[in-house]
Amino acid sequence: MPGGQTDGQQRDEIESAAPRLVRGLSTRLLWLTVMFVMIAEVLIFVPSVANMRLAWLRDRLNTAGAASVVIDGLQPIELPRAVQDSALMATGTKAIALRSDGTSKLLAVENMPPQVDLTYDLRDVPMLDAVRDALSTLLFGGDRIMQVYGPVGDSDTEIELLLEESSLRNAMLAYARQVFSVSIIISLFTAVLIFLAINRMMIVPMRRLTRSMQAFAAEPENPARVLRAGSGGDEIAVAERHLAAMQEQLQKTLKQQKNLADLGLAVSKINHDMRNILASAQLMSDRLVDVEDPMVKSFAPKLLRTIDRAVGYTSEVLAYGQASEAEPRRRRFPLCHLVQEVRDILAIDPAHGIQFVDVVPEDLEVDADSEQLFRVIHNICRNAVQALSNHLPSDASQERCVTLTAHRVGTVVSISIDDTGPGMPPKARENLFAAFRGSARSGGTGLGLAIARELVLAHRGTIALVEKPDPGTLFRIEIPDRPVALEDWRARLERQ
């Protein structure tokens, strides 16, 4: 296939570019609009045809009333047959009678029908009765004889007519056809206007959103595929802006994932050689134990622990990019020993004027993985020392120091790491604990805080940046003790 496209892909493109008539939202909208307008016209048609029927009957009644006044003035002269036929033809009736003072006078008659099927009094007709009678005439009328009577003007005299229902029904059918034709024209015209308006306001933007999502799904890494949102205030414009923001965020996330994958690939290439180098350093450092120099003997254990920790890091260096950190191997141990080890590893040069203040009680124990908690505290303290090394306070009397405090509240150990540095910049605060974005210094990766947060969460704890009135940065770490099963607690009591 040209361009490497399959038949299914071409079919999807054709369907998305030109939706079928029955599937298009705009087509459905057009037909629904026509249908709803027709329903509205039907609701209007029923009372209008009832009014038309009453108007038609009243018109015949008024015409017959005018003729009856003339005919009644010629009484008692008997009207010739030709005059009666002319009067009946002008009114469209079969008989005309006049009621006055309790008596009824037959003014003109053609052939008296054997029976009267329907009787209507036009003096005061309720709307529901008029609608019912109109539907009865349209649906069942045709061969029935109707008796219709009503007043002549404002007088007490009533005019009574006999007429065939077929003429009324034919007039009503003609009116219905006329109304139906006008309704069709109005419905189509209204539907087209509504369709054009809604198609411009909704359907076209929705198609634009759909095409943008399809194009972005095909090439999510291409910045040109990000939707250019409009500046309107309607719901679709808001949806466009949110979609564009999500696409931009997704592109950034994909870029970060690619960076992580590239980083993992690069680290995996040097991991083997790094482990060999560290193993050689470990073998050589083991010989330092045999040296009798007191200075060497004091530093040799720390050097060995540092190299051992580096070897362990190289074994788990890919864990962040491939999966989560290992489950903590928790135990209770004095926190002050770990803090002292962090202080020794930092090896702060006194010439830099940076102090490390340790305010951790000697009897304070924490239930945690010592290696993972060391990494968390060491990362934050190292960041603090680096920030202080590049910071010169405006007040020369202000001390540059890192203060580490800890205390226990119930089953939770709270550790605070406070420095008097410049504080975190706004960009670092916005992307706190985000890899490759949360670095507070130029050239940093931001992985330190991201890894620290992951390790603290693995302990079911929390780590947060705490606001403080003085300059600097304050992190607070809270590590809860492990829940103790009832059986373990009873076994511990028995051992005691």
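> Can you break down the overall build of the protein chain residue by residue, with the values?
Along its length, the protein chain carries 13 helices and 12 strands. Split into buried and exposed, the 496 residues of the protein chain put 35% on the buried side. For the protein chain, the proportion of contacts with a sequence separation of at least 24, taken over those separated by at least 6, is 67%. Roughly 30400 Å² of accessible area belongs to the protein chain as shown, and the carbon and sulfur atoms make up 58% of that amount.

> Please set out the nonpolar core residue by residue, giving values where relevant.
With 42 residues, the main nonpolar core has Leu335, Leu373, Ile377, Leu404, Ile415 and Ile477 as its most contacted residues. Among the secondary structure elements, those contributing two or more residues to this core are α9 (335–346), β7 (354–359), β8 (365–368), α10 (370–389), β9 (400–409), β10 (412–419), α12 (447–458) and β12 (473–480). The greatest single-element share of this core, amounting to nine residues, is contributed by α10. In contact with isoleucine 377, other than residues within four places in its own chain, are Leu335, Leu338, Val342, Leu404, Ile415 and Ile417. Membership of the second largest hydrophobic core comes to 28 residues, among which are Ile96, Tyr120, Val131 and Met146.

> An account of the packing of α9 against α10 is requested, with residue identities and associated values reported.
Following both chains from N to C, one finds α9 and α10 inclined at 45°, their axes separated by 10 Å at the closest point. Relative to α10, α9 is oriented oblique. Regarding α9 and α10, the two cross each other, and that crossing is right-handed. Contact with α9, carried on its side by Leu335, Leu338, Glu341, Val342, Ile345 and Leu346, involves Ser370, Leu373, Phe374, Ile377, His378, Cys381, Arg382 and Val385 of α10 and no other residues of that element.

> Hey, could you go over the packing of aromatic side chains for me, with residue numbers and the actual values?
Two aromatic rings, taken as a pair, are described by how far apart their centres are and by the angle between their planes. Taken as a whole and assessed by the stated rule, the structure comprises zero aromatic pairs. Looking at arginine 53, its charged tip hangs above the ring of tyrosine 120, at a distance of 4.4 Å from the centre.

> I'd like to hear about the pattern of salt bridges, residue by residue, with values.
Overall, the coordinates contain 13 salt bridges when judged by the stated rule. Taking the shortest distance from any N to any O, the salt bridge between glutamate 240 and arginine 208 comes out at 2.9 Å. Of this pair, glutamate 240 sits in helix α6 (residues 235–286) while arginine 208 sits in helix α5 (residues 165–218), placing them 32 residues apart in sequence. Residue classification places glutamate 240 among the buried residues on the basis of a relative accessible area of 6%. Bridged by salt links that share partners, the residues Arg332, Glu365, Arg408 and Asp481 form one connected network.

> Mind laying out the sheet that holds strand β11 (residues 462–466), listing which residues take part and the relevant values?
Pairing is mixed in the open sheet, where five strands are placed in the order β7-β9-β10-β12-β11. Because the sheet does not close on itself, it has two edges, and the strands there are β7 and β11. Ignoring which end each strand starts from, the neighbouring axes of this sheet average 15° apart. Here β9 runs beside β10; their pairing, made up of eight bridges, is antiparallel. Bridging across to β10, histidine 407 finds its partner in serine 414. Set on the sheet, α9 makes contact with β7, β9 and β10; between it and β7 the angle comes to about 170°.

> Describe the side chain of threonine 473, and please don't skip the residues or the numbers.
By secondary structure assignment, the location of threonine 473 is in strand β12. With near-sequence residues (within four places) excluded, threonine 473 lies in contact with Ile417, Asp418, Asp419, Gly423, Met424, Leu465 and Lys468.

> I'd love a proper account of the side chain of threonine 137, names of residues and values included.
Structurally, the position occupied by threonine 137 is in helix α4 (residues 127–140). Among the polar contacts listed, one links the side chain of threonine 137 to the side chain of glutamate 165, at a separation of 3.1 Å. Residues in contact with threonine 137, not counting those within four places in the same chain, are Arg53, Arg144, Glu165, Leu168, Arg169 and Met172.

> Tell me about the packing of α10 against α12, residues and numbers included.
It is at 9 Å that the axes of α10 and α12 come closest, and there the two elements cross at 150°. Here α10 runs over α12; the crossing is left-handed. Contacts from Gln372, Arg375, Val376, Asn379, Ile380 and Asn383 in α10 reach Gly448, Leu449, Ile451, Ala452, Leu455 and Val456 in α12. By residue class, the composition of the contact of α10 with α12 is seven nonpolar, four polar and one charged.

> Before we move on, can you summarise α12 with the specific residues and values?
A rise of 1.5 Å per residue sets the reference length of α12, with its 12 residues, at 16 Å; its end C-alpha atoms lie 16 Å apart and thus fit the reference within 8%. Among all positions in α12, only Leu447, Gly448, Leu449, Ala450, Ile451, Ala452, Leu455 and Val456 are buried. Phi for arginine 460, located one or two positions after α12, is positive at around 60°.

> How would you summarise unusual backbone geometry if you had to cite specific residues and measurements?
If you check the backbone angles, arginine 460 has positive phi at about 60° while not being a glycine. Tracing the chain through its elements places arginine 460 in the loop between α12 and β11.

> Give a detailed account of the confidence of the model for the protein chain, specifying residues and quantitative values.
Regions with low pLDDT should not have their predicted coordinates read in detail. Considering every residue of the protein chain, the mean pLDDT works out to 76; 71% of them sit at 70 or more. In the predicted structure, residues 1–6 sits below a pLDDT of 50 and forms seven contacts with residues beyond four places in sequence or in another chain. In the predicted structure, residues 13–22 sits below a pLDDT of 50 and forms seven contacts with residues beyond four places in sequence or in another chain.

Criteria and thresholds
Residues numbered from 1 in each chain as written. Predicted model: local features only at pLDDT ≥ 70, side-chain atom pairs only at ≥ 80, totals over all residues. Heavy atoms only, no water. Helix = DSSP H or I, 4+ residues; strand = E, 2+ residues; numbered from the N terminus. Buried < 20%, exposed > 50% of the residue type's maximum accessible area, 1.4 Å probe, protein only. Contact = heavy atoms within 4.5 Å. Areas by Shrake-Rupley, 256 points an atom, 1.4 Å probe, with all protein chains shown as cover. Core = buried A, V, L, I, M, F, W, Y, C linked by side-chain atoms within 4.5 Å. Axes fitted to C-alpha atoms, helices over the stretch in contact; angles between N-to-C directions. Parallel < 35°, antiparallel > 145°, perpendicular 65-115°, else oblique. Left-handed = near helix turned anticlockwise from the far one by under 90°. Phe/Tyr/Trp six-rings, centres within 6.5 Å; stacked < 30°, edge-to-face > 60°. Lys NZ or Arg CZ within 6 Å of the ring centre and 35° of its normal. Salt bridge = Lys/Arg side-chain N within 4 Å of Asp/Glu carboxyl O. Pairing = 2+ DSSP bridges. Polar contact = N/O pair within 3.5 Å; in protein donor to acceptor, adjacent residues only side chain to side chain. Nonpolar A, V, L, I, M, F, W, Y, C, P; charged D, E, K, R; others polar. Expected span 1.5 Å × (residues − 1). pLDDT = per-residue confidence, 0-100.

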